[in-house]
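# Structure assessment
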Amino acid sequence: MSKKRTTILILLVFCLGLTLAGCPKKTVVKEEPSAAARREEAARMEAERAREAREREAREREAREREAREREAREREKAKEELEKSLIAKKTPGIEGTVYESTLLKTIHFDFDKYDIRPGDAEILKENAAVLKKYPNLKIQIEGHCDERGTEAYNLALGERRATSTKNYLISLGISPDRITTISYGEERPLDPGHNEEAWAKNRRAQFVIIAK
Amino acid sequence: MLRSFLPIITLFIILFLLIIPAKARVYLDINAPSFVQLPIVLPKWKSLGKTPPSLSAKVYEILSNDLLLSGFFRVVDYSKLPPLLREKEGIPDPLLISEWIHSGGEMLMVGDVSLEPNTLQVILRYHLVDLIEQKRLVGKQIEGHVQNLRYLVHRISDEVIFQLTGEHGMNTTKLAYVMRQGESKEIFIADFDGANVKQVTKNQSINLSPAWSPDGKKIIFTSYLKRNPDLYVMELHKEGTHRLSFQPGLNASPSWSPDGKKLAIMLSREGKSEIAIIDSNGTNPRFLTKGHGNESSPSWSPDGQWIAFCSDRSGSPQIYVMDTNGSNLRRLTYEGNYNTSPSWSPKGNRIAFCGRVGGEFHIFTIEADGSGLRKLTSNSGHNESPCWSPDGRYIAFSSTRTGSSKIYIMNANGFNQRPLTPSKGGESSPTWSPRF
């Protein structure tokens, strides 16, 4: 009897074992929808991460841009300060208005009785054009000057031509003609009052003054 | 400025003794390239009655200087006369011509002055005598307010010059010119003899190229008042100036047409100086040149048909002539590589200009057909901006021969160069008035 019970028990256990062994089969069937959800979840999370990344990127970009803007503003401010620092207000008795001379705009020089731009002076004009591009609000007047030799009237014509050829060179470098006026002072405004070649060379010039900033 | 000078003058001339009738004999051909100065004996003038002796001394000084400045005379001053004649003064009565024959001159001029104390009118009487032909040429009397003494004496000098040269003198003319005043340049006026220097602009600006109107009433000039070289007109008997031509760029170097109705000027077009004609009220600009070069210094011919000007179209500044439409262009100067500032003689035959020789600038004249080039200055320094007297017998110009630039006057043949005023310098751009 005891042996019979034991056998039954074993069988039972076996059956139970079989039953239990059949259980995972049932679970597998149940688990199929749950995997799709997980993929969905994963995708959602992926999207979330991407969104976060995009947002972060946008924030960073914005920060970079803000920083750039601030840097630009600082640079503009610095440039403005630099310009302001370079200016010397010039008011001449008997001549209407105040103009500004700037150390940023360099004077160019000419040969005797000539008005063509010499190669070295062309380089100076390129630098002056860069300054005018950096400060798009500047309006300038180019003054044409001569040395004391020769006739007053002829020198007025020559000074006019020096101012005009300087203006045309700046226009060729992309500066708008609306920003440039010219005036000839002939031999009336020497920089150096001397009566020698050194003084004359200094006085034959096109000089820049700022009339609006 | 002239207000106190011309209109209030009450002047009349009485011919009380005229030996030579209307047409005067010409003793001096002053248009010849060279001539010998005529020696004129000038005894002391006399103050009649209670007239202060200083008045006749003043008259003598002005008269003697006028005759000297004309360049036509060698004045034999009373102090240079033989002892007996040295003491004589006034108009001798009777006037014994034989007494004066050995006085060292070919002409004799004697005179006296009397002042009416209540009206302050002066009467100036004079006689002019030809000592070679031993005859009186003229005896005249001129009367006016003592305030205008200089002008009255200038009228007498003018008459003497007319009697002996066939043309009136320039003693009643004036010159306007530019004078540097620190950083600015102002316009001044002086009499032909350098007296009565007056500043007529006081705007502290750069004022340039004055041009006296043919009627003597206006001066046109360029000023930078509005930060552009604009043309302004100043009425000499009124206060103030007004702006006449103000195109952007040059409005400069005006020259009046002989009828006073138009101006030839330097006017900018596309940043280049051109020659243009405008009406004398500043309107209606017409360009005569078309961008061939830098054009400057227009000067109208006395017949109104031509304009001389300077252009660098050939590569260097030279003198050209064109008609008033800009046609019939011809080049006048070929010598030298820097000839500027033409000025057409009122006589029409010659054009004065400034040319460079070596490193110096000198005054030249040339016939209107380009022949007969003559150099008139030879002193060191720069000589510039020639302009003619209204009779074409003198040229005023600026010169740096003694340092700072001063206005000089010379005879049209280059003789008798002398500074206009005793100023320290800084003078330029003379323009001559008509006779007043």
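These figures come from a predicted structure and were not determined experimentally.

Attention shifts here to the packing of helix H2 (residues 119–134) of chain A against helix H3 (residues 152–172) of chain A. Residue and element names in this part refer to chain A. H3 packs onto H2 with a crossing angle of 60° between their chain directions and a minimal axis gap of 10 Å. Considering the angle they form, H2 stands oblique to H3. You can see that H2 and H3 cross each other, and the crossing is right-handed. Here H2 contributes Ala122, Leu125, Lys126, Ala129 and Leu132 to the contact with H3, which in turn contributes Thr166, Tyr169 and Leu170. Of the residues belonging to the contact of H2 with H3, the class tally is six nonpolar, one polar and one charged.

With that out of the way, let us pick up the state of the cysteines. Disulfide: a covalent bond connecting the sulfur atoms of a pair of cysteines. Residues and elements named next belong to chain B. Applying the stated criterion to the full structure yields zero disulfides over all chains. No disulfide involves Cys310; its nearest neighbouring cysteine sulfur is the one of Cys354, lying 9.5 Å away. Classification of Cys354 as buried rests on a relative accessible area of 0%.

In this section: the sheet that holds strand S12 (residues 218–223) of chain B. All names here are of chain B. In space, the four strands of this open sheet follow the order S11-S12-S13-S14, with antiparallel pairing throughout. Every interior strand has two partners, whereas the edge strands, strand S11 (207–212) and strand S14 (241–245), have only one. Neighbour to neighbour, the strand axes of the sheet diverge by 30° on average, direction disregarded.

On any regular strand, side chains alternate: one points to one face of the sheet, the next to the other face. All names here are of chain B. Taken across its six residues, strand S21 (residues 318–323) has six buried, putting it largely inside the fold. Inspection of the sheet shows strand S20 (residues 306–311) paired to S21 by six bridges, in the antiparallel sense. Counted as the bridge partner of Trp306 is Asp323 from S21. Sheet topology places S21 next to strand S22 (residues 330–331); two bridges connect them, and they run antiparallel. Along S22, the bridge assignment pairs Tyr320 with Arg331.

Residue and element names in this part refer to chain B. Residue Pro94 is bonded to the preceding Asp93 through a cis peptide linkage, with omega at 0°. Position of Pro94 relative to the elements: it lies in the loop between helix H2 (83–86) and strand S5 (107–116). Phi at Ser297 takes a positive value of approximately 50°, unusual for a residue other than glycine. Within the fold, Ser297 resides in strand S19 (residues 295–300).

Residue and element names in this part refer to chain B. Its 17 residues give helix H3 (residues 149–165) an end-to-end C-alpha distance of 24 Å, which sits within 8% of 24 Å, the value for a rise of 1.5 Å per residue. For H3, the buried fraction is high: 14 of the 17 residues fall into the buried class. Looking at the residues trailing H3, positive phi occurs at Gly166, about 85°.

Bringing the nonpolar core into the picture now. Met109 and Leu124 of chain B are the most contacted members of the largest nonpolar core, which has 47 residues in total. Sequence-distant contacts of Met109 of chain B, defined by excluding residues within four places in its chain, comprise Ile40, Val41, Leu42, Pro43, Trp45, Leu63, Leu67, Tyr126, His127, Leu128, Ile156 and Val160 of chain B. By size, the runner-up hydrophobic cluster in this structure holds 24 residues, among which are Ala79, Ala129, Leu132 and Leu170 of chain A.

What follows is about the sheet that holds strand S26 (residues 374–375) of chain B. All names here are of chain B. Strands sit in the order S23-S24-S25-S26 across an open sheet of four strands; the sheet is antiparallel. Among the strands making up the open sheet, the edge pair consists of strand S23 (339–344) and S26. Direction of pairing for strand S24 (residues 350–357) relative to strand S25 (residues 360–367): antiparallel, over a ladder of eight bridges. When the sheet's bridge partners are listed, Ala352 is paired in S25 with Thr365.

Residue and element names in this part refer to chain B. Their axes nearest at 9 Å, the elements helix H1 (residues 53–69) and H3 cross at an angle of 45°. Between H1 and H3, the angle falls in the class oblique. Helix-helix and strand crossings are classified by hand; for H1 and H3 the assignment is right-handed. Counting all contacts with H1, which are made through Leu55, Lys58, Val59, Ile62, Leu63, Asp66 and Leu67, the residues of H3 involved are Leu149, Arg150, Val153, His154, Ile156, Ser157 and Val160. Of the residues contributing to the contact of H1 with H3, the split by class is nine nonpolar, two polar and three charged.

Residues and elements named next belong to chain B. Across the six residues that make up S23, a large majority, six, are buried. Bridge count for S23 against S24 is four bridges, and the pairing is antiparallel. Of the residues in S24, the one forming a bridge with Asn339 is Gly355. Remark: five residues form the turn of the hairpin made by S23 and S24, two consecutive strands paired antiparallel; Gly348 in that turn has positive phi of roughly 95°.

How big an interface is tends to be reported as the loss of accessible area on association of its parts. All names here are of chain A. Partitioning chain A into structural domains gives domain 1 (37–86) and domain 2 (91–212). The gap between the C-alpha centroids of domain 1 and domain 2 is 46 Å. In this assembly, five residues from domain 1 lie in contact with eight residues from domain 2. Here domain 1 and domain 2 share an interface that buries about 480 Å² over both sides, 62% of which is from carbon and sulfur atoms. Among the residues domain 1 hides against domain 2, the three largest losses belong to Glu82, Leu83 and Ser86. Together they make up 84% of the total. For the interface between domain 1 and domain 2, the tally reads one salt bridge. As a salt-bridge pair, Lys134 and Glu82 come within 3.7 Å of each other at their nearest N and O atoms.

Next up on the list: the interface of chain A and chain B. On the chain B side, the residues contacting the 30 residues of chain A number 42 residues. Note on chain A versus chain B: buried area summed over both sides is about 3,000 Å², and carbon and sulfur give 50% of it. Between Glu188 of chain A and Lys185 of chain B there is a salt bridge whose closest N-O contact spans 2.6 Å. On the surface where chain A and chain B come into contact, there are 15 residue pairs in polar contact (both at pLDDT 80 or more). Residue assignment for the side of chain A that touches chain B shows that the elements contributing at least two residues are H3 and strand S5 (180–186) of chain A. Residue composition of the side of chain A that touches chain B, grouped by class: twelve nonpolar, nine polar and nine charged.

So, about the side chain of Glu188 of chain A. Inspection of the secondary structure assignment puts Glu188 of chain A in the loop between S5 and helix H4 (197–203). Side-chain polar atoms of Glu188 of chain A contact the side chain of Lys185 of chain B, separated by 2.6 Å. Residues within four places of Glu188 of chain A in sequence aside, it is in contact with Glu152 of chain A together with Arg180, Lys185, Ile206 and Leu208 of chain B.

This part covers the environment of Tyr320 of chain B. Residue and element names in this part refer to chain B. Structurally, Tyr320 can be placed in strand S21. The class for Tyr320 is buried, based on a relative accessible area of 5%. Sequence spacing of Tyr320 and Thr333 is 13 residues, and the spatial spacing of their C-alpha atoms is 7.5 Å. In contact with Tyr320, other than residues within four places in its own chain, are Ile307, Ala308, Phe309, Ser311, Arg313, Ser314, Leu329, Arg330, Arg331 and Leu332.

Cut-off values and rules
- Residues numbered from 1 in each chain as written.
- Chains lettered and ligands numbered in written order.
- Predicted model: local features only at pLDDT ≥ 70, side-chain atom pairs only at ≥ 80, totals over all residues.
- Heavy atoms only, no water.
- Axes fitted to C-alpha atoms, helices over the stretch in contact; angles between N-to-C directions.
- Helix = DSSP H or I, 4+ residues; strand = E, 2+ residues; numbered from the N terminus.
- Parallel < 35°, antiparallel > 145°, perpendicular 65-115°, else oblique.
- Left-handed = near helix turned anticlockwise from the far one by under 90°.
- Contact = heavy atoms within 4.5 Å.
- Nonpolar A, V, L, I, M, F, W, Y, C, P; charged D, E, K, R; others polar.
- Disulfide = S-S within 2.5 Å.
- Buried < 20%, exposed > 50% of the residue type's maximum accessible area, 1.4 Å probe, protein only.
- Pairing = 2+ DSSP bridges.
- Expected span 1.5 Å × (residues − 1).
- Core = buried A, V, L, I, M, F, W, Y, C linked by side-chain atoms within 4.5 Å.
- Domains from an automatic or database assignment.
- Buried area = accessible area lost by both parts, 1.4 Å probe.
- Salt bridge = Lys/Arg side-chain N within 4 Å of Asp/Glu carboxyl O.
- Polar contact = N/O pair within 3.5 Å; in protein donor to acceptor, adjacent residues only side chain to side chain.

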